[in-house]
Amino acid sequence: RTMAIATVNLRALTSWVGIARLLAVVLSCLSFSLVASTGHFEAPYGTWCMFTWCFCFTVTLLVLLLELLELYPLLPLSWDDFTSAFSMLATLMVFTSSVVFPATFISSPCTRNQCARQAVATTASCLCFLAYAIEVSLTRAKPGDISSFLSTVPGLLKVFEAYVACLIFSLLDRYNGEPGLMWCVAVYSICFIFTLLIIIFTIGRCLAYVPCSLEKVLVGYNFLALLMYLTATVLWPLYSFQGQSRPDNCYKDCWWNKHLGVTFLTIFNLFAYLVDLVYSTRMVFFRAP
């Protein structure tokens, strides 16, 4: 009994990071419970939102338990990199759900009991997003500290870039037969694969086995990814909208709206890779003594 008490780390719950995680667990549970009670989440967007809240609730609760019982050192991974990557991913996923769910399911005026529960669930989701954003800010590496790569600005941007690429994949439509659009899809796919591998290898502590200067390789990769996304930023809207106006009966799943969404997401990732390149270059070539 004494040994069991000695292995319990109460600071996992009482620290500011622990409190942010506890709030995220409660708020995500509240969100999916309220939406589940309405029984109205059958569309793909509703399923995605429910998956987001359930996934974030489960993983965050697991993180709290592993840190409370101090079992995480037994796992064959970099714990700080994993928690940093997950908190950033959860921030992006919950933010997306907080925007998509009310836009899809809440109608105006909101007078029914079902609508009221959906509104409360949306509010809880927004607060859950803030909880995860606070966790990201609390665990972000201080300037000069690169002991945990995914907690640095370039590491967090890697998670952002991979997530935005996933959003782009979900919106891709009507690109076969157009060489320009197919090149853009190749750009999204290649950059996503390499970025995801960097994240996985970092969490799995596999980057130490790379027989070259990894930091300089990442700078070179960010430069190439920036150039590739620059071409996609020009070619995607050029081949998507050239000579084609928005259809009159263009609703939520209209191809024109999806291509417009891909255009904006491409621009977001272009700026993300630009900032990533700047920060990575500073970390490698302008490191303070």
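In this text the structure is predicted, and so the values were computed from the model without any measurement.

Criteria and thresholds
- Residue positions are given per chain, counting from 1 as you read along its sequence in written order.
- Local features are withheld for residues below a pLDDT of 70 in this predicted model, meaning they are given only at 70 or higher, and side-chain atom pairs are given and counted only at 80 or more; totals for whole chains, interfaces and linings count all residues.
- Only heavy atoms go into the side-chain values, all of them from the structure, while hydrogens and water stay out.
- Think of it this way: any DSSP run of H or I at least four residues long counts as a helix, any run of E at least two long counts as a strand, and we number them from the N terminus.
- A 1.4 Å probe rolled over the protein chains alone gives each residue an accessible area, and that area as a share of the maximum for its type sets the label: buried under 20%, exposed over 50%, partly exposed in between.
- A contact between two residues is defined here by any heavy atoms of the two lying within 4.5 Å.
- Areas reported here follow the Shrake-Rupley algorithm with a probe of radius 1.4 Å; residue values treat only the protein chains shown as occluding.
- Nine residue types can take part in a nonpolar core, namely buried Ala, Val, Leu, Ile, Met, Phe, Trp, Tyr and Cys, and a core is a set of them joined through side-chain atoms within 4.5 Å.
- These domain limits were set by an automatic method or by a database of domain assignments.
- UniProt positions are given in the numbering used here, feature names are shortened, and annotations may be inferred rather than shown by experiment.
- When a carboxyl oxygen of Asp or Glu lies within 4 Å of a side-chain nitrogen of Lys or Arg, that pair is called a salt bridge.
- Aromatic pairs are defined between Phe, Tyr and Trp rings, using the six-membered ring for Trp, whenever the two ring centres lie within 6.5 Å; interplanar angles under 30 degrees are classed as stacked, those over 60 as edge-to-face, and all others as tilted.
- A residue counts as positive if it is Lys or Arg and as negative if it is Asp or Glu; His and the chain ends are not included.
- The patches described consist of residues with a relative accessible area above 30% and no salt bridge, like charges being joined within 9 Å and nonpolar side chains (Val, Leu, Ile, Met, Phe, Trp, Tyr) within 5 Å.
- Values of pLDDT, the confidence the predictor places in each residue, fall between 0 and 100.
- Helix axes are fitted only over the stretch in contact, all axes being lines through C-alpha atoms; the angle between N-to-C directions runs from 0 to 180 degrees.
- Between 65 and 115 degrees an angle is taken as roughly perpendicular, under 35 as roughly parallel, over 145 as roughly antiparallel, and anywhere else as oblique.
- Helix crossings fall into two classes, left-handed where the near helix is turned counterclockwise from the far one by less than a right angle and right-handed where it is turned clockwise.
- Amino acid classes used here: Ala, Val, Leu, Ile, Met, Phe, Trp, Tyr, Cys and Pro are nonpolar; Asp, Glu, Lys and Arg are charged; the rest, including Gly, are polar.
- Only protein atoms enter the calculation, which uses a 1 Å grid: trapped sets of points that fit a 1.4 Å probe without letting it out are cavities, open sets showing protein on both sides within 12 Å along at least five of seven lines are pockets, and any residue with an atom within 4 Å of a point is a lining residue.
- Grid points are joined across faces, edges and corners, and a volume is the space filled by probe spheres set on the points.

Asks: How would you sum up the overall build of the chain? Please name residues and give values.
Replies: Of regular secondary structure, the chain possesses 10 helices and 0 strands. The N-to-C order of helical and strand elements in the chain reads α-α-α-α-α-α-α-α-α-α. By residue count, 43% of the 289 residues in the chain fall in the buried class. Summarising the internal contacts of the chain: among those between residues at least 6 apart in sequence, 78% fall at separations of at least 24. Accessible area for the chain stands at about 15,400 Å²; split by element, carbon and sulfur atoms hold 71% of it.

Asks: Break down the nonpolar core for me, with residues and values.
Replies: The biggest cluster of nonpolar side chains holds 54 residues, and the ones touching the most others in it are Y132, I168, Y188, C191, Y229 and W236. When residues of this core are traced back to their parent elements, those giving at least two are helix 3 (16–38), helix 4 (44–68), helix 5 (79–105), helix 6 (113–139), helix 7 (153–171), helix 8 (179–203), helix 9 (214–241) and helix 10 (255–285). The dominant element in this core, judged by the number of residues it contributes, is helix 8, at 10 residues. Residues lining this core come from more than one domain, with at least three contributed by each of domain 1 (1–145) and domain 2 (152–288). Of all hydrophobic cores here, the second largest spans 12 residues; its members include V35, C49, W53 and L64.

Asks: Mind laying out the UniProt feature "transmembrane region" (unreviewed entry) in the chain, listing which residues take part and the relevant values?
Replies: The UniProt entry lists residues 16–36, 48–66, 86–107, 119–138, 180–207, 219–239 and 259–279 under the feature "transmembrane region" (unreviewed entry), expressed in the numbering used here. Secondary structure across residues 16–36 divides into 100% helix and 0% strand, with the first and last C-alpha atoms of the span separated by 30 Å. As a span, residues 119–138 carries 100% helix and 0% strand, and end to end its C-alpha atoms are 29 Å apart.

Asks: Summarise the pattern of salt bridges; cite the residues concerned and give the values.
Replies: Close approach of charged atoms allows side chains of opposite charge to pair. Counted under the stated rule, the structure contains 3 salt bridges. Residues E67 and R21 are paired through a salt bridge, measuring 2.9 Å at the closest nitrogen-oxygen approach. Of this pair, E67 sits in helix 4 while R21 is found in helix 3, placing the two residues 46 residues apart along the sequence. Exposure remark for E67: the relative accessible area of 15% places this residue in the buried category. When salt bridges that share partners are traced, they join R21, E67 and E135 into one network.

Asks: Any details on the packing of aromatic side chains? Residues and values, ideally.
Replies: Applying the stated criterion to the full structure yields 16 aromatic pairs. A ring pair is formed by W48 and F51, whose centres lie 6.1 Å apart and whose planes are at 40 degrees; its orientation type is tilted. Of this pair, W48 and F51 both sit in helix 4, 3 residues apart, roughly one helical turn. Classification of F51 as partly exposed rests on a relative accessible area of 44%.

Asks: Outline the side chain of K258, listing residues and values.
Replies: Of note, K258 is situated in helix 10. Salt bridges are absent for the buried K258, whose nearest opposite-charge side chain, D173, sits at 4.4 Å.

Asks: Explain unusual backbone geometry residue by residue, including any values.
Replies: Phi at E70 takes a positive value of approximately 55 degrees, unusual for a residue other than glycine. Looking at the secondary structure, you find E70 in the loop between helix 4 and helix 5. Of the residues examined, E70 reaches a relative accessible area of 38% and is grouped as partly exposed. One non-glycine residue with positive phi stands out, namely R205, at about 60 degrees. For R205, the location among the structural elements is in the loop between helix 8 and helix 9.

Asks: With reference to specific residues and values, describe a nonpolar patch on the surface.
Replies: Taken together, I190, I193, F194, L196, L197, I200 and F201 make up a surface patch of nonpolar side chains, about 590 Å² in accessible area. By secondary structure assignment, the location of F201 is in helix 8.

Asks: Let's hear about the confidence of the model for the chain: which residues, and what values?
Replies: Looking at the chain as a whole, its pLDDT mean stands at 87, while 89% of the residues score no less than 70. Every residue in residues 1–6 scores below 50 in pLDDT, and together they form 0 contacts with partners more than four places removed in sequence or on other chains.

Asks: Help me get a handle on the packing of helix 3 against helix 6, residues and values and all.
Replies: Direction vectors running N to C along helix 3 and helix 6 enclose 160 degrees, while the axes themselves pass 8 Å from each other. Comparing the axis directions of helix 3 and helix 6 gives the class roughly antiparallel. The way helix 3 lies across helix 6 gives a crossing that is left-handed. A class-by-class count of the residues in the contact of helix 3 with helix 6 yields 18 nonpolar, 8 polar and 3 charged.

Asks: Which residues make up the layout of surface pockets, and what values go with them?
Replies: Over the atoms, a rolling probe the size of a water molecule traces out where space has been left empty. Considering only enclosed or pocket space, the largest pocket measures out at about 800 Å³ in volume. As for the largest pocket, its lining consists of 21 residues, of which Y45, T96, V100, L167 and L171 are closest to the centre. Listing elements by their share of the lining of the largest pocket, those giving two or more residues are helix 4, helix 5, helix 7 and helix 10.

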